[in-house]
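# Structural characterization, general
For reference, the chains in residue letters:
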Amino acid sequence: MTSTSPEQPSDQTTGSLAGRLVAGIDSSTQSCKVVIRDAETGALKRFGSAPHPDGTEVDPEAWWDALQVALSAAGGLDDVAAVAVGGQQHGMVALDADGDVVRPALLWNDTRSAGAATDLIDELGEGDAEAGARAWAEQVGVVPVASFTITKLRWLAQHEPENAAKVAAVALPHDWLTWRLAGDGPGSRAGENSVERLTTDRSDASGTGYFDAASGEYRFDLLERAFGRRIGVPQVVAPGAVARTTDTFVLGAGAGDNAGAALGLGMGAGDVAISIGTSGVVSAVSDASVSDPEGLVAGFADATGRYLPLACTLNGSRVFDAVGRLLGVDHQEFAELALSAPAGADGLTFVPYLEGERTPNKPDASGALHGVRLGNTTPAHLARAAVEGVLCSLADGLGALQAQGVPVERVLLIGGAAQSEAVRQIAPAVLGVPVTVPKPGEYVADGAARQAAWALSGADQPPEWGLAGAKEFDVPAERDASLADRYAQAREMTFGA
């Protein structure tokens, strides 16, 4: 990329959006996706993607390499006026003073810092875990779990002190990619790789554990408590502002993936998105911040200046993949099997904690089957129970949001698994409410593109792009009303309340 100027709007941000192109990037756990859209209408012009390596720790250069492949497939950025990045949240990208990566990035789904999370809660509560959880929720809107950056920093300080001593700054995945797109980082011109030029946005910063979304301020005292000393953090850029400029395009603030998806879907207050991808996520746009001392609901920020209370599970579509492999069927056959079994799977109940769990916080948990009988030991019953189990887990998240006073007026079902006919039809039965399924799309990348257009326009609000092609699924007349209670009993019997 080309040379950069300070974080100030340039001539590239003035004038109409008509005839201009913007790029939105979704750098997720599994892949990098790029959409090129018309800045004024949102019409899709080009698309590219590339896979990311598996694992819960990754060399960030793999994200950069995948981005180059995806950009090439999307026709490049030569005719693009603005770019923004939506990225997987929470991970830890530790950088030294020269901007080099100190160690492979720990991703959100790496649970090795679960003990550090417990320690941080206890410390803030002076030995009282309940008081500590309440203090964390009050001070930064979240209670530490293994996913959050602050716990990973504590783990690094305790387990890799030599690496910890090299750290000058910590960034999140989307911060690091925005920084690289601006021309900083390894291999940049002398003086252009300073970690002091890192930027982020309030939505992604609110998932670190050391940023208070309500006040919009970093809590350096909590960061120092976790890591043992002060280190650099990215500058927080306002939602529609310009983060950096290059010779050819401007960079928007970017966003965490869930906030990016909410922006791409055009969500407003009262809207709830249930996303089933690698993880399961229940998020809502709210005008008020949330503080949940139980830690079930994280008080994150959204990408527009409001809030995004969110409950996240570690287990999403990969549960279906695992059960499908066990049954020897592909995705379509798995869906057909699930729909061929009766609602409630004749009492077969699946607790889907195959990768531990975050909501509830059970990082060492495993999956479990309950209610196994001769009559329900069929492939169809197991497929149905797997779908219902994942949806029950997400229903728990929806209930947690409602318990915090978050209004639920419309439920949107998104993510890769939302394209499964079994998930679409079973979701209203499990959730007990109608669901809206938007047409398949790259909503994180779309939200980033919409944010890029917002930065390009200099307007107070993002452009209106609209959401077309959605389908409505109603609650079926026949549903197993006992499923929620049976699932709760199975979960508590295995792992405790």
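Rules and cut-offs
- Residues numbered from 1 in each chain as written.
- Predicted model: local features only at pLDDT ≥ 70, side-chain atom pairs only at ≥ 80, totals over all residues.
- Heavy atoms only, no water.
- Disulfide = S-S within 2.5 Å.
- Buried < 20%, exposed > 50% of the residue type's maximum accessible area, 1.4 Å probe, protein only.
- Phe/Tyr/Trp six-rings, centres within 6.5 Å; stacked < 30°, edge-to-face > 60°.
- pLDDT = per-residue confidence, 0-100.
- Contact = heavy atoms within 4.5 Å.
- Salt bridge = Lys/Arg side-chain N within 4 Å of Asp/Glu carboxyl O.
- Helix = DSSP H or I, 4+ residues; strand = E, 2+ residues; numbered from the N terminus.
- Pairing = 2+ DSSP bridges.
- Axes fitted to C-alpha atoms, helices over the stretch in contact; angles between N-to-C directions.
- Parallel < 35°, antiparallel > 145°, perpendicular 65-115°, else oblique.
- Nonpolar A, V, L, I, M, F, W, Y, C, P; charged D, E, K, R; others polar.
- 1 Å grid on protein atoms, 1.4 Å probe; cavity = no way out; pocket = protein on both sides within 12 Å on 5 of 7 lines; lining within 4 Å.
- Points joined across faces, edges and corners; volume = space filled by probe spheres on them.
- Polar contact = N/O pair within 3.5 Å; in protein donor to acceptor, adjacent residues only side chain to side chain.

## A word on the state of the cysteines
- The final tally for this structure, using the stated rule, is 0 disulfides.
- Here Cys312 stays unpaired: no disulfide links it, and the sulfur of Cys392, its closest cysteine neighbor, is 17 Å away.
- The exposure class of Cys312 is buried, given its relative accessible area of 6%.

## As for the packing of aromatic side chains
- One pass over the full model with this rule turns up 6 aromatic pairs.
- With centroids separated by 5.6 Å and ring planes inclined at 40 degrees, the aromatic side chains of Tyr218 and Phe220 adopt a geometry described as tilted.
- The class for Tyr218 is buried, based on a relative accessible area of 16%.
- Ring centres 5.7 Å apart and planes at 35 degrees place the aromatic pair Phe320 and Phe334 in the tilted group.

## Examining the confidence of the model for the protein
- Per-residue pLDDT for the protein has a mean of 92; in total, 95% of the residues score no lower than 70.
- Counting interchain partners and residues more than four positions distant, the pLDDT-below-50 stretch residues 1–11 has 38 contacts.

## Digging into the pattern of salt bridges
- All told, the structure shown has 20 salt bridges when counted by the stated rule.
- The partner of Arg103 in a salt bridge is Glu57, and the shortest N-O contact between them spans 3.1 Å. Placement of the pair is Arg103 in the loop between strand S7 (93–95) and strand S8 (105–106) and Glu57 in strand S5 (residues 57–58), with a sequence separation of 46 residues.
- Overall, the relative accessible area of 8% leaves Arg103 in the buried class.
- A residue is classified by how much of its surface remains accessible, and Glu57, at 33% relative accessible area, is partly exposed.
- The partner of Glu388 in a salt bridge is Arg384, and the shortest N-O contact between them spans 2.9 Å.

## Considering the pairing of strand S6 (residues 80–87)
- Buried residues dominate S6, accounting for 8 of its 8 residues.
- Alignment of strand S2 (residues 21–27) against S6, held across 7 bridges, turns out to be parallel. By the bridge assignment for S6, Ala23 is matched with Val83.
- Bridge count between S6 and strand S15 (residues 250–252): 2 bridges; the pairing is parallel. Following the sheet pairing, Val83 is matched in S15 by Leu251.
- As defined by bridge partners, S6 adjoins strand S16 (residues 255–256) across 2 bridges and the pair is classed as parallel. Residue pairing across strands places Gly87 opposite Gly256, the latter belonging to S16.

## Some points on the packing of helix H10 (residues 317–327) against helix H11 (residues 331–340)
- Where H10 contacts H11, the two axes come as close as 10 Å, and the packing angle between them is 90 degrees. For the element pair H10 / H11, the angle class is roughly perpendicular. Together, Phe320, Asp321, Val323, Gly324 and Leu327 of H10 and His331, Phe334 and Leu337 of H11 make up the contact between the two elements.
- For the contact of H10 with H11, the per-class residue count stands at 5 nonpolar, 2 polar and 1 charged.

## Describing empty space enclosed by the protein
- This structure, assessed with the given rule, holds 5 cavities of 30 Å³ or more.
- In this structure, the largest cavity spans a volume of roughly 80 Å³.
- If you go around the largest cavity, you meet 13 residues; those closest to its centre are Phe148, Gly295, Leu296, Ala298 and Arg358.
- Of all the elements, strand S20 (residues 307–313) adds the most residues to the lining of the largest cavity, at 3 residues.
- Here the residues of the lining of the largest cavity are counted per class, giving 10 nonpolar, 2 polar and 1 charged.

## Quick look at the packing of helix H2 (residues 114–124) against helix H4 (residues 149–159)
- Put simply, H2 and H4 touch, their axes get as near as 8 Å, and they point 105 degrees apart. Classified by the angle their axes make, H2 and H4 are roughly perpendicular. Of the residues in H4, those in contact with Ala116, Ala117, Asp119, Leu120 and Glu123 of H2 are Ile150, Thr151, Arg154, Trp155 and Gln158.
- Among the residues forming the contact of H2 with H4, the class breakdown is 5 nonpolar, 2 polar and 3 charged.

## Looking at the side chain of Arg37
- By the element assignment, Arg37 lies in strand S3 (residues 31–38).
- Take Arg37: its relative accessible area is 14%, and that puts it in the buried class.
- A distance of 2.5 Å separates a polar atom in the side chain of Arg37 from the backbone oxygen of Gly42.
- Not counting the four nearest positions on each side in its chain, Arg37 is found in contact with Arg20, Leu21, Val22, Gly42, Ala43, Leu44, Lys45, Asp446, Ala449 and Trp465.

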